[in-house]
Amino acid sequence: MTKITIAKGDGIGPEIMDAVLKIVKASGVNLQFEEVEIGEKAYLSGNSSGISPQAWDTIRKNKIFFKAPITTPQGGGYKSLNVTTRKALNLFANVRPCRSFHPYVRTKHPELDIVVVRENEEDLYAGIEHQQTPEVVQCLKLISRPGCEKIIRYAFEYAKKHGRKKVTCLTKDNIMKQTDGLFHKVFDEIAPDYPEIVSDHMIIDIGTARLADTPELFDVIVVPNLYGDIISDVVAQITGSVGLAGSANIGLECAMFEAIHGSAPDIAGQGIANPSGLLQAAVMMLNYLGENAAATKIHNAWLKTIEEGIHTADIHKEGTSKQLVGTRAFAEAVISHLGQTPTSLAPVQERASGPIVLPKYERKNYSKKELLGVDIFVDWPGGESDHLAEKLQAIETKGVRLSMITNRGIKVWPNGFEETFCTDHWRCRFETKNGSISKQQIIELLKNADEMSIDTIKTENLYAFDGTPAFSLGQGQ
Ligand code: NAD
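About the criteria used
- Residues numbered from 1 in each chain as written.
- Predicted model: local features only at pLDDT ≥ 70, side-chain atom pairs only at ≥ 80, totals over all residues.
- Heavy atoms only, no water.
- Helix = DSSP H or I, 4+ residues; strand = E, 2+ residues; numbered from the N terminus.
- Buried < 20%, exposed > 50% of the residue type's maximum accessible area, 1.4 Å probe, protein only.
- Axes fitted to C-alpha atoms, helices over the stretch in contact; angles between N-to-C directions.
- Parallel < 35°, antiparallel > 145°, perpendicular 65-115°, else oblique.
- Left-handed = near helix turned anticlockwise from the far one by under 90°.
- Contact = heavy atoms within 4.5 Å.
- Nonpolar A, V, L, I, M, F, W, Y, C, P; charged D, E, K, R; others polar.
- Pairing = 2+ DSSP bridges.
- Phe/Tyr/Trp six-rings, centres within 6.5 Å; stacked < 30°, edge-to-face > 60°.
- Lys NZ or Arg CZ within 6 Å of the ring centre and 35° of its normal.

Visitor: What exactly am I supposed to notice about unusual backbone geometry here?
Guide: In terms of backbone geometry, most residues other than glycine have negative phi values and most peptide bonds are trans. Residue H102 is joined to P103 through a cis peptide bond whose omega torsion reads 0 degrees. Within the secondary structure, P103 sits in the loop between β4 (93–99) and β5 (113–119). Looking along the chain, the bond that leaves W413 and enters P414 is cis, with omega of -5 degrees. Checked against the element boundaries, P414 lands in the loop between β17 (410–413) and β18 (425–432). One non-glycine residue with positive phi stands out, namely A264, at about 40 degrees. Residue position: A264 is located in the loop between β12 (255–259) and α9 (276–288). Overall, the relative accessible area of 21% leaves A264 in the partly exposed class. Residue K398 is not a glycine yet carries a positive backbone phi of 30 degrees. You can see K398 is positioned in the loop between α12 (385–393) and β16 (400–407).

Right, here's the structure in full:
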């Protein structure tokens, strides 16, 4: 018998998990559940990651994890367990189907039927943050070629397998030319392998605006991690409630299924939460396990319940809904409809979703990599860029010259504007006339800076790969 690890989580977690497990068990599917405790209790008992080593062992042994939302305590050095779990188990694809149930759930977008495929391991969610000066903190945005290839190919394979017609990529590569630029580039490389699927790219800001206005333009969407987090909440909410959507976190070995929403502390303990998001996640899990008959039975019973107007408070509307119910009564209504199909909404016939097999990543031949210069970041509260430039010119060494200073990315030397506001965090670019620099020269620059009491806080090497400079210019350069 397949054994699933479950966690009841925090806030509304235990209420919605109990309701969903009751429905799953009533469907007759033969699964065994092994519970672990994660989240707030684990955080507060001293595990800053929100999970004990024993719970990890159980999750890794069973490979399938069904999880209710958890609360990540604010501040205090607590890391998000959701992010840790996705990354530690290599759950690279976060698949979030959202659709409207017009006219039974009120929505401005009756045609909405979208699957958001969110990259799950990279981007700003690397969680690498530092305070570097009294005034400035930074967060590293990491995007890798293997990460892009995996998620973008997954999105196309998903579209192919589920009969979807179009994949749209959303990035902000007009601004982040290296990071989002790589995601877009890999999308353009992979799309031609799927000629039967329409592909397009939009800048994330106008893409999100269109999504909120005319979601019927979209089918499958593939996005880097942070954008995916935001737009999947937007899409779920405009179907009627964020409480309606489930999500599958898919890896090569393990999978985790959860609702897309959080632990909703504002309504916890009141018995009014909508268990539908977690139930959709359960349906995705059953399909993943090949339990399509149970998945179909539950999904159709749920559609029938929605169609009959038996609604929780988040989707209940006078005129559309017939009966306002709490979490438990909603689950009982679904159970009473097991074996029935909806009459007006289209009944579903679930198919095995199983794992999508991706080609093994092949590292490309190593590009020619040249070191062209260095950005030395300096903590300096002085405010006057000409004065800083004078100090930095005094540390120049053997043909290495100060070529530019920026503050928060905008060029302030040479020829900056008086109007530009400057913080205490300066990027100081050093380059040579012949266009290459050695590591030894960088070390000398840093040594000279130290001797002159210039507070260097970090360096970034400036590289060219196969002759193409691979770093950003200063804004205004
Ligand atoms: P949230 O999704 O918990 O709640 C947002 C709003 O939606 C609230 O008004 C809430 O009442 C409502 N809502 C959410 N789910 C609902 C449901 N099933 N039925 C009815 N209404 C529902 O987002 P938040 O308030 O920003 O986050 C609360 C906590 O959840 C935070 O600690 C956050 O870190 C955590 N969180 C966890 C996960 C997860 O475990 N996967 C995801 C997101 C947020």
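Once the structure has been displayed, the description carries forward.
Visitor: Quick question: what am I supposed to make of the packing of helix α1 (residues 13–26) against helix α11 (residues 327–336) here?
Guide: To characterise two packed helices, one gives the angle between the axes of the helices and the distance between these axes. Where α1 contacts α11, the axes come no closer than 9 Å and their chain directions differ by 15 degrees. One element, α1, and the other, α11, form an angle in the roughly parallel class. Between α1 and α11 lies a crossing of right-handed hand. In contact with E15, I16, A19, K22, I23 and A26 of α1, α11 contributes T327, A331, E332, V334 and I335. Of the residues assigned to the contact of α1 with α11, the class counts are seven nonpolar, one polar and three charged.

Visitor: Any chance you could explain the sheet that holds strand β10 (residues 220–223) here in plain terms?
Guide: The strands making up a sheet are joined through hydrogen bonds of the backbone, oriented either antiparallel or parallel. With mixed pairing, ten strands are arranged side by side in an open sheet as β2-β1-β3-β12-β11-β4-β5-β10-β8-β9. Every interior strand has two partners, whereas the edge strands, β2 (31–35) and β9 (198–203), have only one. Across the sheet, the axes of successive neighbouring strands diverge by a mean angle of 25 degrees, strand direction being ignored. Both strand β8 (residues 166–171) and β9 contribute to a ladder of six bridges, which runs parallel.

Visitor: Would you take a moment to explain the packing of aromatic side chains for this structure?
Guide: For any two aromatic rings, the description comes down to two numbers: the centre-to-centre distance and the angle of the planes. The final tally for this structure, using the stated rule, is seven aromatic pairs. These aromatic residues form a ring-pair network of at least three members: F156, F187 and Y194. In this structure, R118 is placed above the aromatic ring of Y125, and the distance from its NZ or CZ to the ring centre is 5.3 Å. Just above the ring of Y463 sits the side chain of K369; from NZ or CZ to the centre is 4.4 Å.

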